[in-house]
Amino acid sequence: VFRAAGDFRRLNEVLDSAEEFKNVEAEWVRKDGTPITVKCSGRRFVWDGGEPACYEMFVEDITDKRVLEQQLRMAGKMEAIGRLSGGIAHDFNNLLGVIIGFSQLLKRALGPGNALTEHAVEIEKAGERAAGLTRQLLAFSRQQILSPTVVNLNDLVADMEKMLDRVIGEDIRVTIALDPDLSAVRADRNQIEQVILNLAVNARDAMPEGGRLLIDTRNARLDE
């Protein structure tokens, strides 16, 4: 069965206008309702008077081939986006280095007793957070060298709470349960942040009507 009426009309026009045709694609539906993409080739047989007698047609199911082609195109687009984001992240990282460096100089010049020192500290913190985002872009573009360090996951998750609230939206309530006895781990901090963010976004997409997202930290137990 044709999935689209336009495909049916187009194939009829080909059958009426050409004695032989090749590689005409159409969208069909199997008896069980499964949509498929097919490639049709065939020819027309006519009576002595020129009237069509019958048609011979060969149909090839190319659904898997088209899905694979789409995946390859998407992979190419993602690679291009990765290269672009990597180049932007490198340039942006250089600018952030200047911002962070001068904020540190300003902080030292003002001294701890100056009322403006707090503003210099906030500029430095904002620069560090932005630098973390650029590292995530570099990780996405596979241009970042991983830097494992000892990480306290409780502190990491707590630092991400406000950002998760903004990303997840108002319809989903984010709840964090931190194990006070949680052991430290050796990992790349930005990679862990990216994993948590991806899981949170997937959870959000799975709850279109809203809900509750629980982020729980626990020690893994290995059976002997």
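Procedures and definitions
Residues numbered from 1 in each chain as written. Predicted model: local features only at pLDDT ≥ 70, side-chain atom pairs only at ≥ 80, totals over all residues. Heavy atoms only, no water. Helix = DSSP H or I, 4+ residues; strand = E, 2+ residues; numbered from the N terminus. Buried < 20%, exposed > 50% of the residue type's maximum accessible area, 1.4 Å probe, protein only. Contact = heavy atoms within 4.5 Å. Salt bridge = Lys/Arg side-chain N within 4 Å of Asp/Glu carboxyl O.

Student: Explain the overall build of the protein to me, using residue names and the numbers behind them.
Tutor: A count of helices and strands for the protein gives 5 helices and 7 strands. Starting at the N terminus and ending at the C terminus, the protein contains elements arranged as α-β-β-β-α-α-β-α-β-β-α-β. Buried positions account for 27% of the 224 residues belonging to the protein. Counted over contacts in the protein with a minimum sequence separation of 6, partners at least 24 positions apart contribute 60%.

Student: An account of the pattern of salt bridges is needed here, citing residue identities and associated values.
Tutor: This model, assessed by the stated rule, comprises 11 salt bridges. One salt bridge in this structure joins R66 and E69, with 2.8 Å as the shortest N-O distance. With a gap of 3 residues between them, R66 and E69 both fall in helix 2 (residues 63-110), about one helical turn apart. By relative accessible area, R66 is classed as partly exposed at 23%. Measuring nitrogen to oxygen at the nearest pair gives 3.3 Å for the salt bridge that ties E193 to R189. Of this pair, E193 and R189 both sit in helix 5 (residues 189-205), 4 residues apart, which is roughly one turn of the helix.

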